[in-house]
Structures are given as C-alpha cells and as structure tokens.
Amino acid sequence: MRTAVLVEPTEFELEDRPRPTPGPDDVLVAVRDVGICGSDVHYYEHGRIGDYVVEDPLVLGHESAGEVVAIGENVTGLAPGDRVALEPGVPCRRCAHCKRGDYHLCEDVRFMATPPHDGAFTEYVSWPADFAYRLPDSVSTAEGALCEPLSVGIHACRRGNVGTGDTVLVTGAGPIGLMVLEAARAAGATDVIVTDVVAEKLDFAAERGADLTVDVTETDLEAAVGEYTDGVGADVVVEASGAEPSIRSTIDAVRRGGTVVLVGLASEAEVPFDVLEVIDNEIDVHGSFRYKNTYDAAVDLLADDEVDVEGIVDFESSLEDIDDAFRRAMEPTVVKGMISLDD
Ligand SMILES: NC(=O)C1=CN([C@@H]2O[C@H](COP(=O)(O)OP(=O)(O)OC[C@H]3O[C@@H](n4cnc5c(N)ncnc54)[C@H](O)[C@@H]3O)[C@@H](O)[C@H]2O)C=CC1
Ligand SMILES: CC(=O)[C@H](N)C(=O)O
C-alpha cells in the first residue's frame, strides 16, 4: 500500500508497505481523507515537538476518516462499506486515568503520528473498532477527518463550561480557534469574539460568524472586549494561539468569576501570569488537552448541520504531492490542507 513516510525533516518518501491485518477487535479502514494539522507541519519542519522526537521514519497524519474494508472476529456494530472517522488516540484502558474516565490523559496512549506511532497518510489503517465512529450518509469523510480538530474545540468548550448566552473570546483564528468558534456556537454562546495577528485570518473568522474580530497588533484587547461587553469582560476565554502575549492577555479580557481555557501550546513552558488577578477576580484557569468522548458529539453536530468544518479547508492534495501540500500548509494565510485518497 502507498504510504507517505517522513524520512528526514522536510522530506517525505512514498513507500510501498504491506497492508495491515486487523486484529480481533480492529477494523481495517481504507483511508479517504486526512487533514494536515499544525503538529504534522511542525514534525515535517523540525523533526520534533518538545520531547517528542522523530528518531525513525514516521507516518504523519492523525485527522482521518475512511471506509471499513474488513473487520476482526470480535467486532460488532461495524461492517465493510461503513464510512468511519478514526479517533487517533487509543489509551491503555487499564491505568488510573483510564479507569477514572480520563482516557485522554492516559500516559501510555498510542496517538497517531506522535513518535513512535505511525499515522494515517497511507492507504490502509487497522484501528480498534471502538475508536472508529460510523458516519451517516450526510457526513463526508472529509468532515469525518475534521472531527479531530472539532473535538479539540468541543473539549475546550466543555472545559470552559460554555453555555447558553455566553460571550466567548477565542484568541487565535487558526483551525483550532475556528473549531472552538463552531463548538462555542453549538454550545449556545451568543457572542463570539475572535483575535489574531493576521488580517486574512480575521476576515475569515468574520465570514464564519465571529461577532467581533480584533487584530491585536492594532487594537488593545482589554479595551475592545470591555467596550463589547459594557465593561464586564468575556464569560469564557479560550486561548488557541499558543502565543505568549495572547496567553497573558486572557486574564485581562475575562470577566470577574469567568473562565480561561488554555489550549494553545506555548513555545516556552513558562509564561508569566498575574496570579493576583486570578485570585482577586476568582478566575478559573483550565488546561485543555486533546479530548475525550467527543467524537459521537462531533458526528451528531455535523449530521444536524450545527457546525461547519469543511469550510476551513483551503486545498486538497494527494499522497503523491504531499511535499507540495506541506509547503503550502506552511503559508501564513492557509488554514487547512487535506490529503485525499481515491476510492
Ligand atoms: N491542547 C491541545 O490539545 C491542542 C493544542 N493545540 C495547539 O493549539 C494552538 C492552535 O492550533 P492551530 O490552530 O492548529 O495553530 P495555528 O498556528 O494554525 O493558529 C494559531 C493562530 O494564532 C494566531 N496568532 C499568533 N499570535 C497571536 C496573538 N498574539 N494573538 C492572537 N492570535 C495570534 C496565528 O496568526 C494563527 O492564526 C497551537 O499552539 C497548537 O499547538 C492544537 C491541538 C490540540
Ligand atoms: C498538539 C496537536 O496539534 C496534536 N493534535 C496532538 O494532539 O498532539
């Protein structure tokens, strides 16, 4: 089977690899669509993200969906011909975190495209059936692949307890920020403010329904949010840029008693944070790491047309042209590239 393998930073090779055989609890999936995530691009460019280092050739891609072509002997509920979205992180199911239901915090998780685990830029993937979610006819496999970033958005909104009538500030209008925008709307937020430092990203967020966009290179965020909320501040701030100034600004833009959710990964682990403001204003600060139990919700939201994910895709490409696709994905105004495989 054709497989795009990252052999060196900035170098893919298209290899012919044996098709995997599904285990008793697995489904064999013919991959149809795989999104290019910022983390894929980072591994492509730098060969590492923090402590995760690409030491051996690695298959990238963890936003994937396809068609079931074979099932293991224990699998019920899925059959060849079903189209599925694949949740990319499979936990150990036995550790203390898994047992208390926080399977996304499992330290032995096998997460696609995180070294040393291969991802989905390939023709076939064998995957545990309970981490494969059937897509109704109305949901495309491209949308199925984008259940992954949508899941990050849903989990962040759950962490922030976003509710009906809330004003949510989303900092960063990349794919994750835009998925937070979708998830916040679906959770009942009536006002969503989006920030960025790139005008095109803000225009795009406005087209996608942001009520107010703020270019933080030109406008003071605290003042803009204050004006919009009659001096109160946002109920929930979801930080989705990872930029240090943006992380620091969350505390100034949230209302007293509000919630800050940190999603963006800062390039430095330590970011100065005004703890006295946090205490004095009783601000809840939550980390948000990937997601748990979001895929069913993501598929339902797509089936009900409650969210739009395909609209963030700028271009589609193929396994054969993956190098070009990654170079394109690095352009600052591009939001999302997809690799599509023929059926
Ligand atoms: N916690 C988690 O589970 C996950 C975290 N992430 C992280 O979330 C962040 C967002 O991911 P993507 O959307 O894929 O990244 P991205 O790099 O495509 O988007 C980030 C956006 O933030 C904007 N930005 C830069 N500086 C800013 C500032 N000072 N204020 C406001 N916006 C600013 C950029 O122009 C860009 O549009 C990244 O740090 C990524 O590593 C991504 C997935 C899961
Ligand atoms: C941080 C990422 O972008 C990636 N989706 C991951 O969950 O590892």
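Residues numbered from 1 in each chain as written. Chains lettered and ligands numbered in written order. Predicted model: local features only at pLDDT ≥ 70, side-chain atom pairs only at ≥ 80, totals over all residues. Heavy atoms only, no water.

Q: Describe the UniProt feature "domain: Enoyl reductase (ER)" (unreviewed entry) in the chain, naming the residues involved and giving the relevant values.
A: Those residues carrying the UniProt feature "domain: Enoyl reductase (ER)" (unreviewed entry) are residues 5–335 in this numbering. With 28% helix and 27% strand, the stretch residues 5–335 has end C-alpha atoms that lie 23 Å from each other. (UniProt positions renumbered as here; feature names shortened; annotations may be inferred. Helix = DSSP H or I, 4+ residues; strand = E, 2+ residues; numbered from the N terminus.)

Q: How would you explain the domain arrangement of the chain if you had to name every residue and give the values?
A: As assigned here, the chain comprises domain 1 (2–146 + 309–340) and domain 2 (153–287). A separation of 28 Å is found between the C-alpha centroids of domain 1 and domain 2. When domain 1 packs against domain 2, the two sides together hide about 790 Å² of surface, and 75% of this comes from carbon and sulfur. One can count zero salt bridges joining domain 1 with domain 2. At the surface where domain 1 touches domain 2, the tally comes to one residue pair in polar contact (both at pLDDT 80 or more). Tallied by class, the residues present in the side of domain 1 that touches domain 2 amount to five nonpolar, three polar and one charged. (Domains from an automatic or database assignment. Buried area = accessible area lost by both parts, 1.4 Å probe. Salt bridge = Lys/Arg side-chain N within 4 Å of Asp/Glu carboxyl O. Polar contact = N/O pair within 3.5 Å; in protein donor to acceptor, adjacent residues only side chain to side chain. Nonpolar A, V, L, I, M, F, W, Y, C, P; charged D, E, K, R; others polar.)

Q: Hey, could you go over helix α7 (residues 221–228) for me, with residue numbers and the actual values?
A: Of the positions making up α7, those classed as buried are L221, A224 and V225. Buried residues of α7, seen end-on, are gathered within an arc of 95 degrees and therefore sit on one face of the element. (Buried < 20%, exposed > 50% of the residue type's maximum accessible area, 1.4 Å probe, protein only. Arc of directions from axis to C-beta.)

Q: Give a description of the confidence of the model for the chain that names residues and reports values.
A: Predicted coordinates in areas of low pLDDT are best not read in detail. Mean pLDDT over the chain works out to 97, with 100% of the residues at or above the 70 mark. Across the interface, the model reports ipTM at 0.98; the global pTM reads 0.98. (pLDDT = per-residue confidence, 0-100.)

Q: Any details on the site of ligand 1? Residues and values, ideally.
A: Near ligand 1 lie 23 residues; those nearest to it are I176, D196, L265, S288 and R290. For ligand 1, an oxygen atom lies 3.0 Å from a polar atom in the side chain of K201. In the environment of ligand 1, an oxygen atom lies 2.6 Å from a nitrogen or oxygen atom belonging to the backbone of R290. Every element with two or more residues in the shell around ligand 1 is listed here: α5 (175–186) and β13 (191–196). In terms of residue class, the shell around ligand 1 is made up of 12 nonpolar, eight polar and three charged. (Near = heavy atom within 4 Å.)

Q: Explain the nonpolar core to me, using residue names and the numbers behind them.
A: In terms of nonpolar packing, the biggest core is built from 47 residues, with L150, V168, L178 and V238 touching the most fellow members. Those elements giving two or more residues to this core turn out to be α3 (141–145), α4 (147–159), β12 (167–171), α5, β13, α6 (199–207), β15 (234–239) and α10 (295–303). With residues up to four places along the chain from it excluded, the contact list for V238 reads A156, V168, L169, V170, T171, V180, V261 and V263. Core analysis: the second largest hydrophobic core is formed by 44 residues, V31, Y103, I322 and A325 among them. (Core = buried A, V, L, I, M, F, W, Y, C linked by side-chain atoms within 4.5 Å. Contact = heavy atoms within 4.5 Å.)

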